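# Structure at a glance
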Amino acid sequence: MPADHCITVLDLGNSTLNKVPSSILHLQNLKCFLFPICESLRDLPANFVTDSIWLTDSMKPGVHDALITCLTLRTILPSPVFRNISHLIITCSKLSQLPDNIRLLSSLKSLTIRGCNLIISLPESIKYLPRLVLIDVRRNQMLHYVPALPQCIRFFYACDCVSLKTLLSSKTVPSIKNPCFFLLHNCINLDQDAYDAVLKDVITRIEYRANSLSAVTLENKNDVCYFLPATRGKVRECFHYSSTQASVTVKLPPIFKCLGFVFYFIVPPVQSCFLNLQASFGCECFLEKSSGEMIEVTSFFVDKDLPKSCRGSFEIKLISDHLLLWYDAQCCKGIMKTIKEIKAVNDGSTTDYLTFKFFAHTEDNEELVIKECGVRWIYPSEDQIVEEGRGSKCKRGRDIYELHNGNIVRNGDTSESNDPDEMIPPSKKLKQCVFGTPSNLDRKEVEDLR
């Protein structure tokens, strides 16, 4: 092969080779290299691959059992070529364990593990990867345990991991400039602690994000989206309003102080649906003024902001009821702007109604039944309140949840209550997370995150 031969992808993944040919070692700046796991990968120079390495099973009969494959991978990961790559893809049926020295891949941005049905857990050291934003472990049938994820993680795909039981919370939040998508559909065996941790994690991320975004200008949508099996009654505990229909109406209190909303809905089992530009999931928001006039604030399509890595490649086959839970910064900004304009006319108060109409359509324009939906207030943090007006104390959490004259609004109804617990918003009632992780961040932890 000539020294100046220009190629970007070299695919030897399906070959029977058990050693990297010396004839290709002079190549430089390949974009992607596919090859079976073998010790000779240590011989690759640091600048051999600039982007991705794809490791596969050896096609040569009798080569490598599970233990040898794991030891071989552990041997080659510290080599210079792996330290410089951005993406690592492993599709190896003989691999039973991901070595803990994967933490040495300091440049790694994405890690994909597919077809590795002997792997039962990811290593604890994965949380030390400083640039890792995407983990894709779809369809690993035996995956049982996922440790705390890195601080920088933004995309986590564990779809169809039917054996997954434990998913530890990282107690971290993503950058306010980037979206965050966690797709966990058909992970039907998540234990209760893991499920609670996931719900707590998404609400913590959203509320921190909303408070952070309130001080910046939004140029693009900045979204958080989680898709996971639904647990009956569990989700309602985390939301201020819910409905067993496809819409929910909330009455805005006279003194309204809120940064936006968290949305959710539940859909029944689905035979087949692709997450792509043809499928639509979201809600439309309407503000009903006291005069009876209806103002459409905005509509939101979850799929339009899914990362390119999953568009056209995620086929959804839901084997149970599933929950889609998300936050859309621009949608909330549009709602709050409209409410602010009405308050300006009404001398700082408003008693109008806000209606959220949820929808879900497949790429074939088939309408999915929405079995339940709801919204949750996002309250200003203490720091945000101080920032907005020093000297005037704004009512937070429980006071915002309380309506005028002590009446409480829950699930769209108004009722009298003298029970102090009834004044506490759902965020205060979330169950404790796995392994003693606090169910709510205290002030010091929030400051550390910031």
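Residues numbered from 1 in each chain as written. Predicted model: local features only at pLDDT ≥ 70, side-chain atom pairs only at ≥ 80, totals over all residues. Heavy atoms only, no water.

Let us now look at the overall build of the chain. Counting its secondary structure elements, the chain contains seven helices and 23 strands. Counting over 450 residues, the chain shows a buried share of 52%. A separation of at least 24 residues holds for 66% of the contacts in the chain among residues at least 6 apart in sequence. For the chain, the accessible surface area stands at approximately 20,300 Å², while carbon and sulfur atoms represent 49% of it. (Helix = DSSP H or I, 4+ residues; strand = E, 2+ residues; numbered from the N terminus. Buried < 20%, exposed > 50% of the residue type's maximum accessible area, 1.4 Å probe, protein only. Contact = heavy atoms within 4.5 Å. Areas by Shrake-Rupley, 256 points an atom, 1.4 Å probe, with all protein chains shown as cover.)

Moving on, we get to empty space enclosed by the protein. In the structure shown here, the tally under the stated rule is four cavities of 30 Å³ or more. Empty space within the second largest cavity amounts to approximately 100 Å³. L167, L168, S169, F182 and D201 are, among the 11 residues lining the second largest cavity, the residues nearest its centre. Counting residues per element, the lining of the second largest cavity draws most heavily on helix α3 (residues 192–213), which supplies four residues. Among the residues forming the lining of the second largest cavity, the class breakdown is seven nonpolar, two polar and two charged. (1 Å grid on protein atoms, 1.4 Å probe; cavity = no way out; pocket = protein on both sides within 12 Å on 5 of 7 lines; lining within 4 Å. Points joined across faces, edges and corners; volume = space filled by probe spheres on them. Nonpolar A, V, L, I, M, F, W, Y, C, P; charged D, E, K, R; others polar.)

Here the structure, examined in full by the defined rule, presents nine salt bridges. In this structure, D136 and R114 form a salt bridge, with 2.9 Å as the shortest nitrogen-oxygen distance. Here R114 lies in the loop between β5 (110–113) and β6 (134–136) and D136 lies in strand β6, a separation of 22 residues in the sequence. Via salt bridges that share partners, R114, D136 and R138 belong to a single interconnected network. (Salt bridge = Lys/Arg side-chain N within 4 Å of Asp/Glu carboxyl O.)

For N29, which is not a glycine, the phi torsion comes out positive at approximately 60 degrees. Exposure remark for N29: the relative accessible area of 48% places this residue in the partly exposed category. The backbone phi angle of N186 is positive, close to 70 degrees, even though this residue is not glycine.

It is worth spelling out the nonpolar core at this point. Ranked by internal contacts, the top residues of the largest apolar core, which has 125 residues, are F33, F82, L88, F356 and F358. Ranked by residues supplied to this core, first place goes to α3 with nine residues. Those residues in contact with F358, other than ones at most four positions away along the chain, are A246, V248, F263, Y264, F265, G282, C283, W326, I370, C373, G374 and V375. (Core = buried A, V, L, I, M, F, W, Y, C linked by side-chain atoms within 4.5 Å.)

In this model helix α4 (residues 329–345) runs 25 Å from its N-terminal to its C-terminal C-alpha over 17 residues, within 8% of the 24 Å that 1.5 Å per residue would give. Taken as a whole, α4 has its buried residues at A329, C331, C332, I335, M336, T338, I339 and I342. (Expected span 1.5 Å × (residues − 1).)

Moving on to the state of the cysteines. The tally for this structure, following the rule as stated, stands at zero disulfides. Here C332 stays unpaired: no disulfide links it, and the sulfur of C331, its closest cysteine neighbor, is 5.3 Å away. Residue classification places C332 among the buried positions, given a relative accessible area of 1%. (Disulfide = S-S within 2.5 Å.)

In this structure, F239 sits in the loop between β11 (223–229) and β12 (241–243). For the pair formed by F239 and F263, sequence separation is 24 residues and the distance between their alpha carbons is 8.9 Å.

Inspection of the secondary structure assignment puts H240 in the loop between β11 and β12. Of the polar contacts made by the side chain of H240, one reaches the side chain of Y379; its length is 2.9 Å. (Polar contact = N/O pair within 3.5 Å; in protein donor to acceptor, adjacent residues only side chain to side chain.)

Attention shifts here to the packing of aromatic side chains. Evaluated as defined, the whole model comprises 17 aromatic pairs. A ring pair is formed by W326 and F358, whose centres lie 6.1 Å apart and whose planes are at 80 degrees; its orientation type is edge-to-face. Placement of W326 in strand β19 (residues 322–328) and of F358 in strand β20 (residues 353–361) is noted, with a sequence separation of 32 residues between them. With respect to class, W326 is no different from F358; both count as buried. Taken together, Y241, F261, F263, F265, W326, F356, F358 and W377 form an aromatic cluster joined through their ring pairs. (Phe/Tyr/Trp six-rings, centres within 6.5 Å; stacked < 30°, edge-to-face > 60°.)

Next up on the list: α3. Note on helix geometry: an α-helix contains 3.6 residues per turn, so any two residues three or four positions apart are oriented the same way. Its 22 residues give α3 an end-to-end C-alpha distance of 31 Å, which sits within 8% of 32 Å, the value for a rise of 1.5 Å per residue. In terms of burial, α3 is a largely internal element, 19 of the 22 residues being buried. Two or three places before D193, at the start of α3, stands the capping residue D191, its side-chain oxygen 3.3 Å from that residue's backbone nitrogen.

With that out of the way, let us pick up the confidence of the model for the chain. For the chain, the mean per-residue pLDDT works out to 77, and 73% of the residues sit at or above 70. Across the chain, strand β4 (residues 87–91) holds the top mean pLDDT of 97, while helix α6 (residues 397–401) sits lowest at 32. (pLDDT = per-residue confidence, 0-100.)

It is worth spelling out the environment of S58 at this point. Position of S58 relative to the elements: it lies in the loop between β3 (49–56) and α1 (66–76). By relative accessible area, S58 is classed as buried at 8%.

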